[in-house]
Structures are given as structure tokens and as C-alpha cells.
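Per-entry structural report
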Amino acid sequence: LYPDYVEAGNVCSFVADACIKKGDKACAIEELGRYSKIGGRDPETIKQYAKLLDEAGRKKESAAALLRLTYIYPQDTELHERLGALSMDNGDPATAVREFRALIGMNPIDQAGSHYNLARALKAAGQNDQAREEAVLSLEAAPNFRPAQKLLLEVSGDGKN
């Protein structure tokens, strides 16, 4: 009766769940896409949609779904981490920098990993000085964190980076 209803108990989520149980991820993506397009705002449903898109190799669409979710529920640390990682995969370091900075602003549990991810994004964006600072912050949180040590060497080199 109400195809545009997007609150609890909406038809799109029920159909998408049925599609997933059948093993038809394309059907689930279609239904969750419709949910998103008609204004659905449930963070878990949109995350599920983004995950299905990512698994289907549609990374840019997955990032777009997560970006929309940042306007709905910006306090989600997992969201910013996933969007930052997807942005790096998509070759969009500017968005990755923004998302990893937002994540650090939320004081995540994994300080070393968060600063390391920001350093990687800054390096990809060509901002080696800032990347070096973030790599140092990562190592302050976890001195034996090998990936951060390696990254620090890469961005601190003699101009060969």
C-alpha cells in the first residue's frame, strides 16, 4: 500500500532480506538501492547496501552510499573508516584524507591505525610533510607498528619518494 514508506518495517528491507536468504545479491542490491533513493535513513540498512555493492565490485557506488550516510549519521567511526578505505581503493585520496581526519576527531580506539591510514592518504595526496607527522603520531601510539615505520621511512627520504 505504501511503496515509499522507509521507516521500520518497510517493504524494501523485507524484500532485500528475502533476496539475501535466496542468495540473490543482485535483487538485494536493487531493493536496497530503491530504499536509499526514496529516502531511507537507517544506518545499518545503508551499510548493508554499501557492503553488497562493494562485494559486487561496484566500489564507487558503495562509496557514494556511505558518503550519503555521513550526512545522516556522522558519528559512526566504522563508517568513516570504511569510506576512507574505499576512497583509497577508488583513487580518491582527498576524500580519504577527510574521512580519516573525521575518524581521528572521534578519538577511535585504534589510534595507531587511524593515524597510519591518514598518513597513507596524505602520502597518496602528495602531502608528504603532513604524512610524516601522522606517521610519527601513529608510532607514538604504537612504537613497534611496522607499517607506520615503513611509511615514515618512505615519506622522510631524500626526495626519492
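That block above? That's the structure.
Notes on the structure follow. In this text, all values refer to a predicted model and were calculated from it rather than measured experimentally.

Each value, and the rule that gives it
- Residues numbered from 1 in each chain as written.
- Predicted model: local features only at pLDDT ≥ 70, side-chain atom pairs only at ≥ 80, totals over all residues.
- Heavy atoms only, no water.
- Helix = DSSP H or I, 4+ residues; strand = E, 2+ residues; numbered from the N terminus.
- Buried < 20%, exposed > 50% of the residue type's maximum accessible area, 1.4 Å probe, protein only.
- Axes fitted to C-alpha atoms, helices over the stretch in contact; angles between N-to-C directions.
- Parallel < 35°, antiparallel > 145°, perpendicular 65-115°, else oblique.
- Left-handed = near helix turned anticlockwise from the far one by under 90°.
- Contact = heavy atoms within 4.5 Å.
- Nonpolar A, V, L, I, M, F, W, Y, C, P; charged D, E, K, R; others polar.

What follows concerns the environment of D89. Within the element layout of this structure, D89 appears in helix α5 (residues 77-89). Given a relative accessible area of 54%, D89 falls into the exposed group. Between the alpha carbons of D89 and K60 there is a distance of 9.2 Å; along the sequence they are 29 residues apart.

Across the interface, helix α6 (residues 93-105) lies against helix α7 (residues 111-124) with an axial gap of 8 Å and an inter-helix angle of 155°. By the angle class used here, α6 and α7 are roughly antiparallel. α6 and α7 meet at a crossing whose hand is left-handed. Between α6 and α7, the residues in contact are P93, A96, V97, F100, R101, L103 and I104 and S114, H115, N117, L118, A121, L122 and A124, respectively. Looking at the contact of α6 with α7 residue by residue, the class counts come to 10 nonpolar, three polar and one charged.

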